[in-house]
Amino acid sequence: MRRLLLLLLGLLVLQQGRCFEFVIDGEWEEETSHLQDHRERHKRAILTSEEQDDFEAIRGDDITVKSYKVESRITSRFAHTTVRSSVINTGSKAQSIGFNVQIPKRAFITNFTMNVNGIIFIGSVKEKTVARNLYAQARARGKAAGIVRANSQDMETFKTEVHVPPGSNIEFELHYQEMMHRKLNFYEHSLYLQPGRLVPQFQVDVYIFEPKGISMVDLPNSLGAQFTESIKVTKTKDKAHIVFKPSLQQQRKCENCTGSAIDGVFTVRYDVNRDSNAGELQVSDGHFVQFFAPSNLSPLSKNIVFVIDVSGSMWGVKMKQTVEAMQAILDDLTIDDHFSIIDFNHNVRCWSEELVPGSSIQIEDAKRYIQNIKPNGGTNINEALMRAVQMLIKAANQGLIDPRSVSMIILVSDGDPTVGEIKLSTIQKNVKRVMREEFSLFSLGIGFDVDYDFLERIAMENRGMAQRIYANHDAAEQLRTFYSQVSSPLLRRITIQFPDDSVSDVTQNRFDKYFSGSELVVAGKVLPSNSNILTSYTTASASRMDITLETEADTAELDTELTKQEHSFHGFARQMWAYITIKQLISERSLAPTAAKKRKITQRIMALAVEHQFVTPLTALLVESEGGTERLLADSPKDPKHGCCSGVGGGGGSPNGIAPVRVVYQPPPWVQMTTTPPPSQVEKGPEEWALPQQVTLVDNDPHFIVHLPRSNMDVCFNIDSKPGNILNLVSDSGTGLVVNGQLIGSKKMHKNKLNTYFGTISIYYQPDGVSVTVSTESIIMTDGRNNHSFTWGSTAEITQDGMRISIRKNSHVSIIINDNIQVMVLLHRVWKKHPVSVDFLGIYMADNNQYSPLVHGLIGQFSREPEVSVYDVHEGVDPLKKQATMEVKGNTLQVTRGWQKDYRHDKKRGSNVYCWFIHNSGKGFIDGHYTDYIVPNLNSFLRML
């Protein structure tokens, strides 16, 4: 393991003859002993604490900071941030002036430039060995400089110093890029502002452009109430501009103070509009990015074993904060969840030897157990984790847990193993060997004494993630926040795929879990094609059902839109693909089984980082004067708290179990694909289910068309009822099927008549307790315990028990029950500003649906086809509409020949269906009166007529 020893901050010395003298900032050193590892860990904690206490963006005694400006351009969740500062040495002596910027740990520096009295230094990213050789050449001539990146809680600090004579002008400019990770339903962009002095021109600009639209922008006021008036937010449908521009007086700590009150993190939170659960597919600059963040799905139940370190080092604040967090976490469990607690020091104890339901009695007992823990002794991580896995295996083997539930181990520890198996690599292998594919391990490292690199490796290898918990006053809140990110799993076994020969170089596209409030991201290159449409297919397993979702994007549309945006980041898709790829390769490198595999990954990381100008653990930023005579070197350090090459997965937000080990799952049997389908093998989306040509339907306001197969005749009637009434269409107590429709009214009367339409259709299948409610806004599937909602905005296929649902984007929904009953609901959209019309639904039912003899309803009764006789056909008042006499069900009716519309194949104009029209709301053709078919709610069976 390699450690970076921070030695001496680099100096750039400007003398009379404009000669530069530089000192190297750090050395890479091989770790020599386990004991040394502990000493270094303690040293790192002290260094970090000191850096936090005295951090200033601009350092120097007699200097004037003319300006300090930060600009972030966020386009489609990818941010490019630029920090600029202009400084003058107004003192009477030569002095060192420092430029320090804290950047998020997940960001990559992309460039740094510096103008010192007209000498311009320009940065370029090179392989670390190449950069160091060039740097060493300059250093040998006495012309070299060092730049240090140190570490703080959530940030890394970029530092440089230049030693200049009086009157010197220095301009600094740093660029870095990062992907916004969605957590707890929002993206968060943080800018660390601590100028340390008053600045005449101080300004922060954050520009956000999201093609689908911005749903919310929030600015937590962490800088203080005095700056509220200095922050301005301008928001349109798809853009936002946040400006923070305090005056000199507003910057002062007090009215006559010379110190700056700006000291903290400037945070912008936002989220985007999502018109469907299928996700958002964007194509730009020859690259694509698929964002997947479904909502309105019922959570999967959880099986959790909490494994808590109670060794002596946890004594005091750490244990107190852990207990406080566990109290709140246990309260979050539901009766559908199962859990247990293992606490360990040199021994391992179980609160319960088996998983138990999250009932209020069990939760209260677990709270008491946690409260009484007294930390002492050593640390036996290996045995504790083995016991946790055995507990999950036992519960699974005994059938105590739902096979669709999510099983996880949450490890909380603050130190290295000291008892039992203490070799970290062996513990890692042991855990990997016993963990089942369906289990996940999440590691929480408290403080700086734990080997975070180890915790992250075992989590990543086992479909989880790791997070450092900083041992301070809000450690309990950090623990609770982490748990909130993983407490609501919505989907398992997610795969995002693309048609054959449409994409290449795809980032990780298989994910073990999706947690509510997060986001999965897949990126890649778009291959040349004759089509201007790219389509993606997402398959996943939800609670009791399997789903396939389809979305598409125009390959040229976004680039056209970006050219119109003044403050967008045009290269976002290309850089985001490289960012995600490098992050995932860095993770994969840390788990490489052989040296050869590691070298191969290393070469790919370096090539991509140089091409896309990212400073990574394997590249360096060489900053040269225009003639190349003066050089500075910026290394990305081995983060002693994070691990040199750990880089938690960039693609989908680490809570979703991103791991470089590609786990291949068997897809649901109805998904037509190979067992291990790469994206290139996907050729089509969900299967289209077609109704037979002859159907019984209800459409428009509402027109019923009943097809009578034996008579080869269509009979029509209208129902004139009131908005809000629910009409029963099919009620079959024999099969347990109910189809009901609720009426809505037009916006106003037309020709003294208020037209009514079906605004909601409900299909309820009692044996499975499953109900599908289709409205003009959404398709909602419920089964008594779970509630899943889909929009009309994407194509999807859902399978649960004996029911299959196929949604066609902005077109129709097909529902098939046990392969013998088929219903299609058609969506009609009208102009939103139409003075009269409203969106409505039509319903089409196959004539060969297999009902029981008990079926009834406005449509169901005709599954027993009545004898119909039509005679005395003659001219009517309207020469195009003949009249006749019909005998049916013992009634003699006067009927009119006309036509109604079948909109299945042409939703705008429809196709004519010629039929005999029954007047007076079907009186004489239907049993009883139409009011007999009004039911109290959408899932009500019809009472016997």
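Structure shown above.
Let me begin by describing the structure that accompanies this report. No experiment lies behind these values; they were computed from the predicted model shown.

Rules of the game
Residues numbered from 1 in each chain as written. Predicted model: local features only at pLDDT ≥ 70, side-chain atom pairs only at ≥ 80, totals over all residues. Heavy atoms only, no water. Pairing = 2+ DSSP bridges. Helix = DSSP H or I, 4+ residues; strand = E, 2+ residues; numbered from the N terminus. Buried < 20%, exposed > 50% of the residue type's maximum accessible area, 1.4 Å probe, protein only. Contact = heavy atoms within 4.5 Å. Axes fitted to C-alpha atoms, helices over the stretch in contact; angles between N-to-C directions. Polar contact = N/O pair within 3.5 Å; in protein donor to acceptor, adjacent residues only side chain to side chain. Expected span 1.5 Å × (residues − 1). Phe/Tyr/Trp six-rings, centres within 6.5 Å; stacked < 30°, edge-to-face > 60°. Lys NZ or Arg CZ within 6 Å of the ring centre and 35° of its normal. Parallel < 35°, antiparallel > 145°, perpendicular 65-115°, else oblique. Patch = residues over 30% accessible without salt bridge, like charges linked within 9 Å, V, L, I, M, F, W, Y side chains within 5 Å. Areas by Shrake-Rupley, 256 points an atom, 1.4 Å probe, with all protein chains shown as cover. Salt bridge = Lys/Arg side-chain N within 4 Å of Asp/Glu carboxyl O.

**Here's the deal with the sheet that holds strand S20 (residues 264-272)**
On the basis of which strands lie adjacent, the open sheet formed by four strands has the order S14-S15-S20-S17 and antiparallel pairing. Of all the strands in the sheet, just strand S14 (182-183) and strand S17 (214-218) have a single pairing partner and so form its edges.

**A closer look at the environment of Ser789**
Take Ser789: it is sitting in strand S46 (residues 787-791). With a relative accessible area of 15%, Ser789 lands in the buried category. Expressed as a C-alpha distance, the spacing of Ser789 and Ser276, which sit 513 residues apart in the sequence, is 9.5 Å. Those residues within four positions of Ser789 in sequence are excluded, and the remaining contacts are Asn277, Ser295, Asn296, Leu297, Ser778, Ile779 and Ile780.

**Digging into the sheet that holds strand S33 (residues 520-526)**
Consider a sheet: its strands pair through backbone hydrogen bonds, and that pairing is either parallel or antiparallel. Overall, antiparallel pairing links the four strands, which are arranged S21-S22-S33-S31 in an open sheet. The two strands at the open ends of the sheet, each matched to only one other strand, are strand S21 (280-284) and strand S31 (503-504). Where helix H11 (residues 572-590) meets the sheet, its contacts fall on S21, strand S22 (287-292) and S33, and the angle it forms with S22 comes to roughly 70°.

**Some details on the side chain of Asp783**
The residue Asp783 is located in the loop between strand S45 (778-782) and S46 in this model. Taking the relative accessible area as the measure of exposure, Asp783 reaches 9% and is therefore buried. Among the polar contacts made by the side chain of Asp783, one reaches the side chain of Arg544 at a distance of 3.1 Å. At 2.6 Å, the side chain of Asp783 and the backbone nitrogen of Asn786 are in polar contact. In this structure, Asp783 is in contact with Arg544, Gly769, Val770 and Gln800, ignoring residues within four places of it in sequence.

**So, helix H6 (residues 381-397)**
For H6, spanning 17 residues, the distance from its first C-alpha to its last is 24 Å, which sits close to the expected 24 Å at 1.5 Å a residue. Turning to H6, its buried residues number three or more, namely Ile381, Asn382, Ala384, Leu385, Met386, Ala388, Val389, Met391, Leu392, Ile393 and Ala395. Just past H6, the residue Gly399 takes up positive phi, approximately 70°.

**Considering the packing of aromatic side chains**
Throughout the structure, instances matching the rule amount to 25 aromatic pairs. For the pair Tyr68 and Phe202, a centre-to-centre distance of 5.9 Å together with 15° between the ring planes defines the contact as stacked. Taken together, the residues span a long stretch of sequence, with Tyr68 in strand S6 (residues 63-75) and Phe202 in strand S16 (residues 201-209) at a distance of 134 residues. In this pair, the class of Tyr68 matches that of Phe202, namely buried. Plain terms: the ring middles of Phe288 and Phe498 are 4.4 Å apart, the flat faces sit at 50° to each other, and that makes the pair tilted. Taken together, the residues Phe288 in strand S22 and Phe498 in the loop between strand S30 (489-497) and S31 connect sequence positions 210 residues apart. The class of Phe288 is buried, set by a relative accessible area of 0%. Three or more aromatic residues link up through ring pairs in this structure, and these residues are Tyr68, Phe202, Phe227, Phe244 and Phe266. Taking NZ or CZ as reference, Lys881 lies 5.9 Å from the ring centre of Trp899, over its face.

**Topic: unusual backbone geometry**
Residue Leu184 is not a glycine yet carries a positive backbone phi of 55°. If you trace the backbone, Leu184 turns up in the loop between S14 and strand S15 (186-193). Here the phi dihedral of Asn712 falls at roughly 50°; this positive angle occurs in a residue that is not glycine. One can find Asn712 in the loop between strand S39 (703-708) and strand S40 (713-718).

**Thoughts on the packing of H6 against helix H7 (residues 424-434)**
Two measures define how a pair of helices packs: the angle their axes make with one another and the distance between the axes. Relative orientation of the contacting elements H6 and H7 amounts to 5°, with a least axis distance of 10 Å. Relative to H7, the element H6 lies roughly parallel. Only Ile427, Asn430, Val431 and Val434 of H7 make contact with H6, whose side of the interface consists of Asn382, Leu385, Met386, Val389 and Ile393.

**Side note on a nonpolar patch on the surface**
On the surface, Leu880, Trp899 and Tyr914 cluster together into a nonpolar patch covering about 350 Å² of accessible area. Topologically, Trp899 is positioned in strand S54 (residues 891-902).

**Concerning the pairing of strand S35 (residues 545-554)**
Of all 10 residues that make up S35, eight are buried, and the element is covered over most of its length. Where strand S34 (residues 533-542) lies against S35, 10 bridges are found, and the strand directions are antiparallel. Paired with Ile533 across the two strands is Asp554, which belongs to S35. Two elements, S35 and strand S47 (residues 795-800), share five bridges in a ladder whose sense is antiparallel. Bridge assignment links Asp546 to a residue of S47, and that residue is Thr799.

**Notes on the pattern of salt bridges**
Pairs may arise between side chains of opposite charge once their charged atoms sit close together. By the definition in use, this model includes 38 salt bridges. Ionic pairing is found between Lys302 and Asp337, a salt bridge with its closest N-O pair at 3.0 Å. Of this pair, Lys302 sits in strand S23 (residues 302-309) while Asp337 sits in the loop between helix H4 (317-331) and strand S24 (338-344), and the two are 35 residues apart along the sequence. We classify Lys302 as buried; its relative accessible area is 4%. As a salt-bridge pair, Arg349 and Asp343 come within 2.8 Å of each other at their nearest N and O atoms. Take Asp343: its relative accessible area is 2%, and that puts it in the buried class. Among the ionic contacts, a cluster of salt bridges with common partners joins Arg77, Arg182, Glu210, Asp271, Arg274, Glu280 and Glu519.

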